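Single-letter residue listing:
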2 protein chains.
Amino acid sequence: MADQKKMVDSITSMDVDFAQWYTDIVKKAELADYTSVKGCMAIRPYGYAIWENIQKILDGMFKATGHENVCMPMFIPESLLQKEKDHVEGFAPEVAWVTHGGNEKLEDRLCVRPTSETLFCEHYANIVKSYRDLPKLYNQWVSVVRWEKTTRPFLRTREFLWQEGHTIHETAEEAIEETERMLNIYADFCENYLAMPVIKGRKTESDKFAGAEATYAIEALMHDGKALQAATSHYFGDGFAKAFGIQYQSRENKLEYPFQTSWGCTTRLIGAIIMTHGDDNGLVLPPKVAPIQAVIVPVAQHKPGVLEKAAELKAVLEKDYRVKLDDSDNSPGWKFAEYEMKGVPVRIEIGPRDIENGQCVMVTRHNREKTVVSLASVSEEVGKKLQQVHDGMYRKALENRERRTYACKTVDEIISTLEKNGDGFVKAMWCGSEECEDKVKELTGVGSRCIPFEQEHISDVCVCCGKPAKHMVCWGKAY
Amino acid sequence: MADQKKMVDSITSMDVDFAQWYTDIVKKAELADYTSVKGCMAIRPYGYAIWENIQKILDGMFKATGHENVCMPMFIPESLLQKEKDHVEGFAPEVAWVTHGGNEKLEDRLCVRPTSETLFCEHYANIVKSYRDLPKLYNQWVSVVRWEKTTRPFLRTREFLWQEGHTIHETAEEAIEETERMLNIYADFCENYLAMPVIKGRKTESDKFAGAEATYAIEALMHDGKALQAATSHYFGDGFAKAFGIQYQSRENKLEYPFQTSWGCTTRLIGAIIMTHGDDNGLVLPPKVAPIQAVIVPVAQHKPGVLEKAAELKAVLEKDYRVKLDDSDNSPGWKFAEYEMKGVPVRIEIGPRDIENGQCVMVTRHNREKTVVSLASVSEEVGKKLQQVHDGMYRKALENRERRTYACKTVDEIISTLEKNGDGFVKAMWCGSEECEDKVKELTGVGSRCIPFEQEHISDVCVCCGKPAKHMVCWGKAY
């Protein structure tokens, strides 16, 4: 236990300094490292393996709903970026510019894509001619660059990995349906694969994506009561089609503008996992995306038969699960702390006495519960445990969110509630004016996160101006 | 058949204009499209699906040999790029430079990675402290940028997709072993998955990767007799470790420099597939990477029962294969030509008479052979056909290479042989001097492709200077 204590001591407690606790986990769990490229990180094998699992599951969900992967260039000529007015206004201030290729100065500067609407529009203008060519349901897994001033690993980096879906449809109805379908897929993924409850809603006008008619988002609440936007889905109407001259021959033989969407989620999901589930012993990984689902730690491994039995166990389990056997010469105590830090959902301990009794010990990471399990049913038991871990993690995260969600009727009530209870989601009514939106933020520190699809009636009037309310808004501080 | 004729007419014959034939296939098989970003392409769903299959297989081979995926930044600060002298000399002239981020001018320019040795070295300097940290066997799937003057889709583009492996080892022996292991994996992949025979060899000094001690490569011969480098594997010695100050505590408790390798292959493999296997009817895809392995074309599909039976057939086959049923209202003739253009390995035709007789017709793309197959054993038969197609394609490609490989003893013999027989591989002896290497190229037009591992004795003396020969070199024109 001396070893374990030492490792645990080496990360900051989340209650002492949440930001430092976060950074400690990123480093100690070997998820990412800093580089000499300011604001850009090196994603290490353990961190990247989580992303690979996220990709695999989401990619399967996208393909099951008819989407196809493509790959557009990483550069956008300045002249192309400028075609849609709102879009360029939103993105131009935060892009990286390539001005020289080899030794030659470029006539038209290229920006490194911050997002790829413009490139997809150009491509769609080339290939969409008739209603028979619609819809196109494209997606790409790439990285993008946004020149952020303040950066933190996974949460906000100048380069980040993501997927961006870009679709194009005959009718507005179909495009809106797609926007909602993809938001639902993201919510399903967060809840059923990352054990992370989310609120689905629409962004206010001032918070929309540059060039969108409507932006939908899912919002999750982190352990410290701050909100994190986990994914977004945008409906563009025919604005981009008009700006880029995309037209198709309709069923009625007329030239029409098609309707478009885009949707994306990023490596910041890994930051969300850390801050939703982690604790003072380190990372706690949702079983469905954990690179190692169960780790086998032999106890008294120098004794005859222990390593053999542990290897046998591994051979049985790896048929159905991602399993690691750690037979290194580190002490069991060191290993316990190490795999707790790495958030492995299930630990299996096996020593001479266990073998004698035909059993092993299973410890679940999220609640550190110990169970003695018969070796005869070990594979089945691991499956059950992983499901229990998932369910337990979801419940714990939901409880945190519920405990930290407050309904408020006045600005003063928001201020006093947050002061008393700490950060969280505030449900409060809103008249719909940008002025009130800004004022609430200024006075209370919490901004509009989204207008939840599931509306509640908190009061009749706007929390700020007292005029008749249009929506209940979910307010909060955001990552 | 009128429809079919029309589609086939629309691509240039490979004997008339091989380059135009290539471009026609890229466009008509919908592999890629041009963009307004000069030298960069949009990879379309059908082309990207081939790349996804390549990735999946290679990634499995890398992981089975202990490699892990990571992701480094896409930018390299100029100061970091300059740390290894040969490396910066080789790459600086062909990189894209980011000079502005947002509205701010950067102090240290960033290049978009042309390759990532420098970033991996920086990371290894951070994380490698002891022999216990070695080896690190890392790989990443990303895109890189090289500012090429002349570009062609897949073969040479300013941005291309690739994987780059970067490994670091205790001893030179281990690193050399790794370099060879990865070359063998690439050769295995090309031969057993892409049906493309390759020659394994070492590059001459003048043709080495910038910063490498030795570069190994696999070389394939395209249908037109030109060579294509399909993958490379580099041994770095401890040169990069010294330049980047990577040192580790050895087993003998001394500070030592580790030894490194890197290896990569790119989306140009898709160009290689086109030019190795394609014909005047379009693409011919190796079954193991084909997005659609078998296409079902119903004949007289308006007749009762035909579409039902075709759908049944699809349900049976898609358990084991990547299958498409085309029940669109295009004519069967149009569909035949379309899927020949797209290189689908097996076509299954099923009409009323077939159903009556409990059979279907299978046509293999590479040789257009027809077989009547019982519906009772259709799944098994598709499996057999796919293997036959793979074997047949490999044999055909090997025969082309053998027919176009010439052993020559003098420069004059090289000139007259190529004049008479057209481009191909020339096996000829070499003294080892760069002067002779350059002179052969100047006089004959063929350059050194590699020094094959499997040496043959063509004569005792250098094909150029007549002095004693050191190696047999494989010469050729290259893509």
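I will try to describe carefully the structure that is included in this document. None of these values were measured; they are calculated from a predicted model. (Residues numbered from 1 in each chain as written. Chains lettered and ligands numbered in written order. Predicted model: local features only at pLDDT ≥ 70, side-chain atom pairs only at ≥ 80, totals over all residues. Heavy atoms only, no water.)

Counting its secondary structure elements, chain A contains 15 helices and 23 strands. Over its C-alpha atoms chain A spans a radius of gyration of 25 Å, differing by no more than 12% from the 23 Å that the globule rule assigns to 479 residues. C-alpha atoms of chain A, sized along the principal axes, occupy 80 × 55 × 50 Å. Per-residue burial for chain A yields a buried fraction of 61% across its 479 residues. Long-range pairs, those at least 24 residues apart, make up 67% of the contacts in chain A between residues at least 6 apart in sequence. Of the accessible surface of chain A, which amounts to about 19200 Å², a share of 47% is contributed by carbon and sulfur atoms. Across chain A, the centroid of the 61 positively charged side chains sits 3 Å from that of the 72 negatively charged ones. (Helix = DSSP H or I, 4+ residues; strand = E, 2+ residues; numbered from the N terminus. Rg over C-alpha atoms; globule rule 2.2 N^0.38 Å. Buried < 20%, exposed > 50% of the residue type's maximum accessible area, 1.4 Å probe, protein only. Contact = heavy atoms within 4.5 Å. Areas by Shrake-Rupley, 256 points an atom, 1.4 Å probe, with all protein chains shown as cover. Lys, Arg positive; Asp, Glu negative; His and termini not counted. Charge placed at Lys NZ, Arg CZ, Asp CG, Glu CD.)

Attention now goes to the packing of aromatic side chains. Residue and element names in this part refer to chain A. What the rule picks out here adds up to 32 aromatic pairs over all chains. Ring geometry for phenylalanine 236 against phenylalanine 240: centres 4.7 Å apart, planes inclined by 65°, an arrangement best described as edge-to-face. The pair phenylalanine 236 / phenylalanine 240 is uniform in exposure class, with both members buried. Arginine 109 extends its terminal NZ or CZ atom over the ring of tryptophan 97, reaching a point 3.9 Å from the ring centre. (Phe/Tyr/Trp six-rings, centres within 6.5 Å; stacked < 30°, edge-to-face > 60°. Lys NZ or Arg CZ within 6 Å of the ring centre and 35° of its normal.)

Okay, the pattern of salt bridges next. Residue and element names in this part refer to chain A. This structure, assessed with the given rule, holds 52 salt bridges over all chains. Where glutamate 219 meets lysine 203, a salt bridge forms, and the shortest distance between an N and an O atom there is 2.8 Å. Placement of glutamate 219 in strand E10 (residues 214-221) and of lysine 203 in the loop between strand E9 (199-202) and E10 is noted, with a sequence separation of 16 residues between them. Comparing glutamate 219 with lysine 203 shows no difference in burial state: the two are buried. The partner of glutamate 349 in a salt bridge is arginine 347, and the shortest N-O contact between them spans 2.9 Å. The same class applies to glutamate 349 and to arginine 347, which are both buried. (Salt bridge = Lys/Arg side-chain N within 4 Å of Asp/Glu carboxyl O.)

Residue and element names in this part refer to chain A. In this structure, proline 135 follows leucine 134 across a cis peptide bond, with omega equal to -5°. Tracing the sequence through the fold places proline 135 in the loop between helix H6 (117-127) and strand E7 (136-145). Here the phi dihedral of alanine 300 falls at roughly 50°; this positive angle occurs in a residue that is not glycine. Note that alanine 300 resides in the loop between strand E15 (294-298) and helix H10 (306-317).

What follows covers the interface of chain A and chain B. Residue-level contacts link 53 residues of chain A with 53 residues of chain B. Carbon and sulfur atoms make up 57% of the surface buried where chain A meets chain B, a total of about 4300 Å² over both sides. Of all residues in chain A, the largest losses of buried area upon contact with chain B belong to A:Cys71, A:Met74 and A:Trp147, amounting jointly to 13% of the total for that side. Remark: the boundary between chain A and chain B carries two salt bridges. Ionic pairing is found between B:Lys63 and A:Glu52, a salt bridge with its closest N-O pair at 3.1 Å. Taken together, chain A and chain B are joined by 17 residue pairs in polar contact (both at pLDDT 80 or more). Per element, the largest residue contribution to the side of chain A that touches chain B is six residues, and it comes from strand E5 (residues 96-101) of chain A. (Buried area = accessible area lost by both parts, 1.4 Å probe. Polar contact = N/O pair within 3.5 Å; in protein donor to acceptor, adjacent residues only side chain to side chain.)

Further remarks concern the side chain of B:Asp24. Inspection of the secondary structure assignment puts B:Asp24 in helix H2 (residues 18-28). No salt bridge is formed by the buried B:Asp24. Its closest oppositely charged neighbour is B:Lys28, at 6.7 Å.

Right, let's talk about the side chain of A:Asp33 for a bit. All names here are of chain A. Position of aspartate 33 among the secondary structure elements: in strand E1 (residues 32-34). Using a relative accessible area of 8% as the deciding quantity, one classes aspartate 33 as buried. At 3.2 Å, the side chain of aspartate 33 and the side chain of lysine 27 are in polar contact.

Residue and element names in this part refer to chain A. Put simply, helix H2 (residues 18-28) and helix H9 (residues 268-277) touch, their axes get as near as 11 Å, and they point 120° apart. Taken as axis vectors, H2 and H9 run oblique relative to one another. Where H2 crosses over H9, the two elements pack in a sense that is right-handed. Across the interface between the two elements, Phe18, Trp21, Tyr22, Ile25 and Val26 from H2 touch Gly271, Ile274 and Met275 from H9. (Axes fitted to C-alpha atoms, helices over the stretch in contact; angles between N-to-C directions. Parallel < 35°, antiparallel > 145°, perpendicular 65-115°, else oblique. Left-handed = near helix turned anticlockwise from the far one by under 90°.)

One copy of the chain maps onto the other through a rotation about an axis plus a displacement along that axis. In the superposition of chain A on chain B (RMSD 0.0 Å, axial shift 0.0 Å), the rotation amounts to 180°. Such a turn and shift between the copies fits a two-fold axis. Taking the C-alpha atom as reference, chain A places A:Val98 closest to the rotation axis, 2.1 Å from it. (Least-squares fit on C-alpha atoms with pLDDT ≥ 70 in both.)

Turning our attention to the sheet that holds strand E22 (residues 447-452) of chain B. Residues and elements named next belong to chain B. Read across the open sheet, the eleven strands follow the order E3-E7-E8-E14-E11-E10-E9-E22-E23-E21-E20; overall the sheet is mixed. Either end of the sheet is taken by a strand with one partner, and the two such strands are strand E3 (68-69) and strand E20 (405-407). As judged from the two bridges shared by E3 and strand E7 (residues 136-145), these two strands associate in the parallel manner. Considered in E7, the bridge of glutamate 68 is made with tyrosine 138. Lying on the sheet, helix H9 (residues 268-277) is in contact with strand E10 (214-221), strand E11 (227-237) and strand E14 (259-266); it crosses E11 at an angle near 145°. (Pairing = 2+ DSSP bridges.)

Mapped onto the secondary structure, A:Val70 falls in the loop between strand E3 (68-69) and strand E4 (75-77). In this structure A:Val70 comes out as buried when scored by relative accessible area, which is 1%. Considering only alpha carbons, one finds A:Val70 and A:Leu283, 213 residues apart in sequence, at a separation of 34 Å. Not counting residues up to four positions away in its chain, the partners in contact with A:Val70 are A:Phe120, A:Tyr138, A:Asn139, A:Gln140, B:Ile43, B:Arg44, B:Pro45 and B:Tyr48.

Here we take up the pairing of E10(A). Residues and elements named next belong to chain A. Counting buried positions along E10 yields eight of eight residues, so the element is predominantly enclosed. The alternating pattern of E10 places Ala214, Tyr216, Ile218 and Ala220 on one face and Thr215, Ala217, Glu219 and Leu221 on the opposite face, and all of these are buried. Inspection of the sheet shows E10 paired to strand E11 (residues 227-237) by eight bridges, in the antiparallel sense. The residue of E11 that forms the bridge with isoleucine 218 is alanine 231.

What follows is about the nonpolar core. Inside soluble globular proteins, nonpolar side chains tend to come together where they are buried. Formed by 80 residues in total, the largest nonpolar core has its most connected members in A:Phe75, A:Val98, A:Val112, B:Phe75, B:Val98 and B:Val112. Beyond its immediate chain neighbours, meaning those up to four positions away, B:Val112 contacts A:Met74, A:Phe75, A:Val98, B:Met74, B:Phe75, B:Ala96, B:Val98 and B:Val145. (Core = buried A, V, L, I, M, F, W, Y, C linked by side-chain atoms within 4.5 Å.)

So, on to the packing of helix H10 (residues 306-317) of chain B against helix H13 (residues 378-403) of chain B. Residues and elements named next belong to chain B. Taken N-terminus to C-terminus, the directions of H10 and H13 make an angle of 65°; their axes are 9 Å apart at the nearest point. For H10 against H13, the interelement crossing comes out right-handed. Seen from H10, the contacting residues are Leu313, Val316 and Leu317; seen from H13, they are Val378, Ser379 and Val382. Residue composition of the contact of H10 with H13, by class: five nonpolar, one polar and no charged. (Nonpolar A, V, L, I, M, F, W, Y, C, P; charged D, E, K, R; others polar.)

What follows concerns the sheet that holds strand E17 (residues 346-350) of chain B. Residues and elements named next belong to chain B. The five strands lie next to each other as E16-E15-E17-E18-E19, forming an open sheet whose pairing is mixed. Of all strands in the sheet, those with a lone pairing partner are strand E16 (323-325) and strand E19 (369-374), marking the two edges. Each neighbouring strand pair of the sheet contributes to a mean axis angle of 25°, computed without reference to strand direction. Inspection of the sheet shows E17 paired to strand E18 (residues 359-364) by four bridges, in the antiparallel sense. Of the residues in E18, the one forming a bridge with isoleucine 348 is methionine 362. On the sheet, H10 packs against strand E15 (294-298), E16 and E17 and is oriented at approximately 170° with respect to E15. Docked against the sheet, helix H11 (residues 332-341) engages E15, E16 and E17, running at close to 170° with respect to E15.

Attention shifts here to helix H15 (residues 434-444) of chain B. All names here are of chain B. Turning to H15, its buried residues number three or more, namely Cys436, Glu437, Val440 and Thr444. In an axial view of H15, the angular spread of the buried residues amounts to 105°, which keeps them on one side of the axis. In H15, the exposed positions angled more than 90 degrees off the buried face are occupied by Glu435 and Glu442. Among the structural elements, helix H14 (411-421), strand E21 (425-430), E22 and strand E23 (471-476) are those in contact with the buried residues of H15. Within two residues after H15, glycine 445 carries a phi angle of roughly 90°, on the positive side. (Arc of directions from axis to C-beta.)

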